[in-house]
Amino acid sequence: MSDGAALPGPDGALRCPWALSAPEYVTYHDEEWGRPVHGDDALYERLSLEAFQSGLSWITILRRRPGFRAAFADFKIASVADFTDEDRERLLADVGIIRNRAKIDATLANARVLIDWAPGDLDELIWSHAPEPGQRPVPKSLSDVPAVTPESTALSKALKKRGLRFVGPTTAYALMQACGLVDDHLQACVARRA
């Protein structure tokens, strides 16, 4: 049984243990998770997917990501903001996504809020909550990785204040991890940035 330390993957390289349970996880871990993401549409997608993940395993979302992208017009804010009641009903019936009414409604509502922001505002707001590099200790095991931080709590409050939904502190921290605001790859992990 692992103590949460990095473990060898299929190629023998050490990785965060959560990344080893499925091939999709290995690819996501090595190529995406913790890498800087910029751009309002890209960040809207990640924010939406993190909200859909709430209460579920990430692998469920990862495996359905192509379905989410097809259903939500590749998460183009301008397109999703124009979705109609018919689109909402289509989404509620779409077996390719998570058909959770509250999460679908939040995704649509968030696009309608974001369409009124200036280009780059979402990117700027999210990245303004990144902690200073080197400020946090490098995690050696999963037990060293928090679920919530003061920065994620502040980001959650800032997003909610601007009208966004389904953006609690835990979801905000997962977004920060996924989009590279923090590097929570374990110290021995092959994907950890220098």
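Residues numbered from 1 in each chain as written. Predicted model: local features only at pLDDT ≥ 70, side-chain atom pairs only at ≥ 80, totals over all residues. Heavy atoms only, no water.

The protein is annotated in an unreviewed UniProt entry as DNA-3-methyladenine glycosylase I from Streptomyces violarus.

**Student:** Would you mind going over the overall build of the protein with me for this structure?
**Tutor:** Helix and strand counts for the protein come out as nine helices and two strands. Here the protein has a C-alpha radius of gyration of 17 Å; the compact-globule value for 194 residues is 16 Å, and the two agree. Once the C-alpha set of the protein is aligned to its principal axes, its extents read approximately 50 × 35 × 25 Å. For the protein, with 194 residues in total, the buried portion stands at 46%. The contacts in the protein between residues at least 6 apart in sequence include a share of 66% that link residues at least 24 apart. Only carbon and sulfur atoms are counted for the fraction: they give 53% of the accessible area of the protein, which is about 9400 Å². Within the protein, the 27 negative side-chain charges are centred at a point lying 4 Å from the centre of the 23 positive side-chain charges. (Helix = DSSP H or I, 4+ residues; strand = E, 2+ residues; numbered from the N terminus. Rg over C-alpha atoms; globule rule 2.2 N^0.38 Å. Buried < 20%, exposed > 50% of the residue type's maximum accessible area, 1.4 Å probe, protein only. Contact = heavy atoms within 4.5 Å. Areas by Shrake-Rupley, 256 points an atom, 1.4 Å probe, with all protein chains shown as cover. Lys, Arg positive; Asp, Glu negative; His and termini not counted. Charge placed at Lys NZ, Arg CZ, Asp CG, Glu CD.)

**Student:** Quick question: what am I supposed to make of the UniProt feature "binding site: Zn(2+)" (unreviewed entry) in the protein here?
**Tutor:** Within this structure's numbering, the places UniProt gives as "binding site: Zn(2+)" (unreviewed entry) are Cys16, His29, His185 and Cys189. Spatial clustering of the annotated residues is evident: they stretch over 174 residues in sequence, but the largest pairwise C-alpha distance comes to 10.2 Å. The annotated residues that sit in the lining of the largest pocket are Cys16. The residues contacting His185, other than those within four sequence positions of it, are Cys16, His29, Trp33, Gly34, Pro139, Ala191 and Arg192. (UniProt positions renumbered as here; feature names shortened; annotations may be inferred. 1 Å grid on protein atoms, 1.4 Å probe; cavity = no way out; pocket = protein on both sides within 12 Å on 5 of 7 lines; lining within 4 Å.)

**Student:** What am I meant to see in helix α5 (residues 85-93) here?
**Tutor:** For an α-helix, 3.6 residues make a turn, and residues three or four places apart therefore share a direction. By the burial criterion, the buried members of α5 are Asp87, Arg88, Leu91 and Leu92. One side of α5 carries all its buried residues, which in axial view fall inside an arc of 140 degrees. Turned more than 90 degrees from where α5 packs its buried face, Glu86 and Ala93 sit exposed. Tucked inside the fold, the buried residues of α5 contact α3 (58-71) and α6 (101-114). (Arc of directions from axis to C-beta.)

**Student:** Can you walk me through unusual backbone geometry in this structure?
**Tutor:** A negative phi angle characterises most non-glycine residues, just as the trans form characterises most peptide bonds. Its identity is not glycine, yet Ala73 carries a phi of approximately 50 degrees, on the positive side. Note on placement: Ala73 falls in the loop between α3 and α4 (77-81). Residue class for Ala73 comes out partly exposed when judged on its relative accessible area of 26%. The phi torsion at Phe166 lies on the positive side, around 60 degrees, for a residue other than glycine. Mapped onto the fold, Phe166 is located in the loop between α8 (150-161) and α9 (169-178). According to the relative accessible area criterion, Phe166 is partly exposed, its value standing at 33%.

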